[in-house]
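Listed below are the residues making up each chain.
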Amino acid sequence: MCCAINNKEWSEAEVRAAMQRPLPGMAAQVTMAPRPRPFRPPDGSTPRQAGVLVLLYPVGGRLHLVFTVRTANLDYHAGQVSFPGGGWEEGDTSLAETALRETREELGISAEGIEVLGPLTPLYIPPSHNLVHPFVALAPRRPAFQPDPLEVAELLEVPLATFRDPSIRGEDRMERDGLEVVIPYYAVRGHKIWGATAIILAEFLALLGS
């Protein structure tokens, strides 16, 4: 049989070990970035700081990732698949705390037992003028999700091993301002994960050795 898909599960120990390695940064990010795409804010501008959580937890012995499908009424990235998170606010002691607070608010979960393993490479988001700081975290069990209906249209819970399958990767092409833009994505359960979420995910998967 040719070209069998590697569906081996990643373990918690492998995720912990991966987060001790040097971050691959832009070399991994660009593999799932729209082309062309700016990676730096305009000169002289100060983007808003934000934090998002790449949250993993076990279900039936398999590590899962949670994404949110954003509601259609949000100002930015409406209808897109995202990691939970949002902008830094006064009172947040760190951007990791921002990511945890926003995740609690969006998903209606407790932060008890959630362990932040470390950061990924910050990423500039042109439409919302945010500099997003992603953090990888582990929960000991599936959280009792109660999503905020004003922000979350749907939860997307995906086994981490799903992303070992190269067939879920695709590309769309569209014209923007007279230029052809190539948009890579992961196709998962009827949704396309693209943009900043796919870029962040690409770096995490590169750390895991995917």
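A short tour of the structure in this document, coming up. In this text, all values refer to a predicted model and were calculated from it rather than measured experimentally.

Calculation criteria
Residues numbered from 1 in each chain as written. Predicted model: local features only at pLDDT ≥ 70, side-chain atom pairs only at ≥ 80, totals over all residues. Heavy atoms only, no water. Helix = DSSP H or I, 4+ residues; strand = E, 2+ residues; numbered from the N terminus. Polar contact = N/O pair within 3.5 Å; in protein donor to acceptor, adjacent residues only side chain to side chain. Phe/Tyr/Trp six-rings, centres within 6.5 Å; stacked < 30°, edge-to-face > 60°. Lys NZ or Arg CZ within 6 Å of the ring centre and 35° of its normal. Salt bridge = Lys/Arg side-chain N within 4 Å of Asp/Glu carboxyl O. Buried < 20%, exposed > 50% of the residue type's maximum accessible area, 1.4 Å probe, protein only.

**Concerning the side chain of Thr121**
Right, so step 1: Mapped onto the elements, Thr121 comes out in the loop between β5 (115-119) and β6 (123-125).
Right, so step 2: Side-chain polar atoms of Thr121 contact the side chain of Glu203, separated by 2.6 Å.

**Notes on the packing of aromatic side chains**
Remark: the centre distance and the inter-plane angle together describe each pair of aromatic rings, the angle taken between the planes.
Right, so step 1: Enumeration according to the criterion identifies four aromatic pairs in this entry.
Right, so step 2: One aromatic cluster in this structure is built from Phe67, Phe83, Phe163 and Tyr186.
Right, so step 3: When the ring centre of Tyr185 is taken as origin, the NZ or CZ atom of Lys192, which lies over that ring, is 4.5 Å away.

**Digging into the pattern of salt bridges**
Right, so step 1: Per the stated rule, a full pass over the model turns up 14 salt bridges.
Right, so step 2: Glu115 serves as the salt-bridge partner of Arg16, at 2.7 Å between the closest nitrogen and oxygen. One end of the pair, Arg16, is in helix α1 (residues 12-18); the other, Glu115, is in strand β5, with 99 residues separating them in the sequence.
Right, so step 3: By relative accessible area, Arg16 is classed as partly exposed at 29%.
Right, so step 4: One salt bridge in this structure joins Glu97 and Arg104, with 3.5 Å as the shortest N-O distance.
Right, so step 5: A residue is classified by how much of its surface remains accessible, and Arg104, at 29% relative accessible area, is partly exposed.

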